[in-house]
Amino acid sequence: MAAQLPLDDIARLADLHPKPGHIRFQYGTAGFRTLGSVLDSVLFRVGVLAGLRSKKLDGKTIGVMVTASHNPEPDNGVKLVDPRGEMLEASWEAHATSLANAASTEDFLQAVDAVVKNAKIDLSKPAKVIYARDTRPSGPSLVASLEDGLKAIGAETRDAGVTTTPILHYLVRAINTKGTSAEYGDDSEDGYFKKLSGAFKQLVSGKPALPPLVVDCANGVGANAVEKIVPYLGDSLTFIPHNTATATPGALNNACGADYVKTTQKLPPSLANELKSGERGCSFDGDADRLMYFYIDARNQFRMLDGDKIAALVAGFIVELVKNAGLEEKIRVGIVQTAYANGSSTKYLADRLPVRCVPTGVKHLHHAAEHFNIGVYFEANGHGTVLFSPETQGTLASYEPSTPAQSTALKHLRNLVQLINQTVGDALSDLLLVETVLAHKSYSGVEWDSLYVDLPNRLVKVLVADVRAFQTEDAERRLVSPRGLQGKIDALVKRYEGGRSFVRPSGTEDVVRVYAEAVMKSQADELAFRVAGLVYDETGGDPATRPKEFL
Ligand code: 16G
Ligand code: MG
């Protein structure tokens, strides 16, 4: 007889985690994310779902990360990690949403049964799940709810404790590739730190050490990772960690971290006296999968080096190594960006490399990057990584260089494969990557920044009656609905020199986002607010209550 669902166990435990009545949950770009205090039932159900996902994939280990990234401390969230360490396959997002919204235990059992049938899951397969959480106060109780769900479905579990999102992704891939030719590393934090630091030390060996690097840890779990990697790095790189108060209530992501830097385009106030003219620093977000750099220029002004600048720096370096290794005929390097990429970065990169634009969200960038031999992807917000296709890794492993210069470049490329966390954006791995390039090029922030000059830009959010009325095409660069609105935006944009603007519904908040750039800052601001005004008027906003800044 085919294996059955343990309905009694599921029902008994599900009763302990009832769904709050009036909330509708949605597995979106960032998994489930909302106030931590209302997520108990969601975590239980995600536990059951993770077990089913593992069974579906023949007992491969699935990851579950409990985090709300750069959101404020009262928020929390959860997302699943597929066996190769990548985001949950998109077709399962609907299963997650349907389980999360079942109104009662009985409805939940039916929803589980429907997923089993719909996804044709063989229940006799084992279920294996590894989970972790960030430093949020709501984490422990949410993990307990998750554990109940995993117990209900009979999963074999491993608790990775408090760690960063990218370390959890690394562990998932390391576990699932153990003993295969694609072995990713030892499946422990120690394995991760050894892999990254080992490659970094080789890459910078013989280069003069860079000045110490200020790291803003957002008062989040990245602080732990930074502290732990220090002994592995030895004197190859020195950190000056800041915002490491992971136990201080309310400190997480508060006036610090990568999202603060990107959205305010300012230095976190806590670093005000830490950086002198010419010095560089960087910020992680709350779960350490985003990285923003910055420096103080000769006029004592803060200068931001965002994901686009990181992409330009890193892609340039990799292209040069591929060429120096004599592999440019064999290995095609490409870039993936979103509509948020600064227009100057797109121009700079497109003059040198193939560039693709995709919708916002890591899964879109990641999949597009897989189509290149080496795919570099970064969102402007600092989330990104570099993917080396399996064939390219094979080429790098077997290639016989014919000159000493080729041999050196090849060695660097092989070390980059080890240094870069290819499962997902990783602030720590990306930091080491940036430092590698700076060391090789003897760049300070100034030279790096001068690769191209950012166009001034502005991001605005608009509260509208119904976010779902906004639909886009062309990688979110154009609106198809509400009908007629795009035409008006086009007409407005034409009036601004170097103008570009787009409107898209957020995947993580109930708002519409408006981005604009232009040659002058005042013009970028004006364009953003004018477009926001159009959005507001078009969609049933009462002109009398129209926010004043929308001109
Ligand atoms: C999430 C995404 C990030 C994206 C952001 C957009 C992942 C892991 N993270 O944080 O890539 O830039 O959402 O948010 O996919 P928005 O839709 O609210 O603008
Ligand atoms: Mg994050």
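Structure first, text after, so check above.
Because the structure is predicted, anything quoted here is derived from the model rather than measured.

**Examining the pattern of salt bridges**
So, step 1. Under the criterion given, the structure shown has 33 salt bridges.
So, step 2. In this structure, D474 and R477 form a salt bridge, with 3.0 Å as the shortest nitrogen-oxygen distance.
So, step 3. Look at R477 and you get partly exposed, because its relative accessible area is 32%.
So, step 4. Linked through salt bridges whose partners overlap, the residues forming this network are R303, K309, D449 and D454.

**What about unusual backbone geometry?**
So, step 1. Residue S481 is joined to P482 through a cis peptide bond whose omega torsion reads 0°.
So, step 2. Looking at where P482 falls in the secondary structure, it is placed in the loop between strand 17 (478–481) and helix 17 (485–493).
So, step 3. For N243, which is not a glycine, the phi torsion comes out positive at approximately 50°.
So, step 4. In this structure, N243 sits in the loop between strand 7 (239–242) and helix 9 (257–264).
So, step 5. One non-glycine residue, A255, lies in the positive phi region at around 55°.

**Examining the site of ligand 1**
So, step 1. The environment of ligand 1 is formed by 15 residues, the closest being E379, S506, G507, T508 and R513.
So, step 2. One of the side-chain nitrogen or oxygen atoms of N381 is found 2.9 Å away from an oxygen atom of ligand 1.
So, step 3. Separating an oxygen atom of ligand 1 from a side-chain N or O atom of T508 is a distance of 2.4 Å.
So, step 4. In the complex, the protein chains occlude 92% of the 450 Å² of accessible area that ligand 1 would expose alone.
So, step 5. The class makeup of the residues in the shell around ligand 1 is two nonpolar, eight polar and five charged.

**Describing the coordination of the magnesium ion (ligand 2)**
So, step 1. The magnesium ion (ligand 2) binds to the protein through S69 (OG), D285 (OD), D287 (OD) and D289 (OD), with metal-donor distances spanning 2.0 to 2.1 Å.
So, step 2. D287 sits in the buried class, given a relative accessible area of 0%.

**Quick look at the packing of aromatic side chains**
So, step 1. Overall, the coordinates contain 14 aromatic pairs when judged by the stated rule.
So, step 2. Seen from their ring centres, Y27 and F32 are 5.1 Å apart, and the 85° between their planes marks the pair as edge-to-face.
So, step 3. The exposure class assigned to Y27 is buried, which follows from its relative accessible area of 6%.
So, step 4. Here the aromatic cluster, defined as three or more aromatic residues joined through ring pairs, consists of Y170, Y184, Y192, F193 and Y232.
So, step 5. Its end group placed over the ring of W92, R53 keeps NZ or CZ at 4.9 Å from the ring centre.
So, step 6. The aromatic ring of Y348 is capped on one face by R352, whose charged end is 3.8 Å from the ring centroid.

The rules we used
Residues numbered from 1 in each chain as written. Chains lettered and ligands numbered in written order. Predicted model: local features only at pLDDT ≥ 70, side-chain atom pairs only at ≥ 80, totals over all residues. Heavy atoms only, no water. Salt bridge = Lys/Arg side-chain N within 4 Å of Asp/Glu carboxyl O. Buried < 20%, exposed > 50% of the residue type's maximum accessible area, 1.4 Å probe, protein only. Helix = DSSP H or I, 4+ residues; strand = E, 2+ residues; numbered from the N terminus. Near = heavy atom within 4 Å. Polar contact = N/O pair within 3.5 Å; in protein donor to acceptor, adjacent residues only side chain to side chain. Areas by Shrake-Rupley, 256 points an atom, 1.4 Å probe, with all protein chains shown as cover. Nonpolar A, V, L, I, M, F, W, Y, C, P; charged D, E, K, R; others polar. Donors = N, O, S within 2.8 Å, 3.2 Å for Na, K, Ca; no water. Phe/Tyr/Trp six-rings, centres within 6.5 Å; stacked < 30°, edge-to-face > 60°. Lys NZ or Arg CZ within 6 Å of the ring centre and 35° of its normal.

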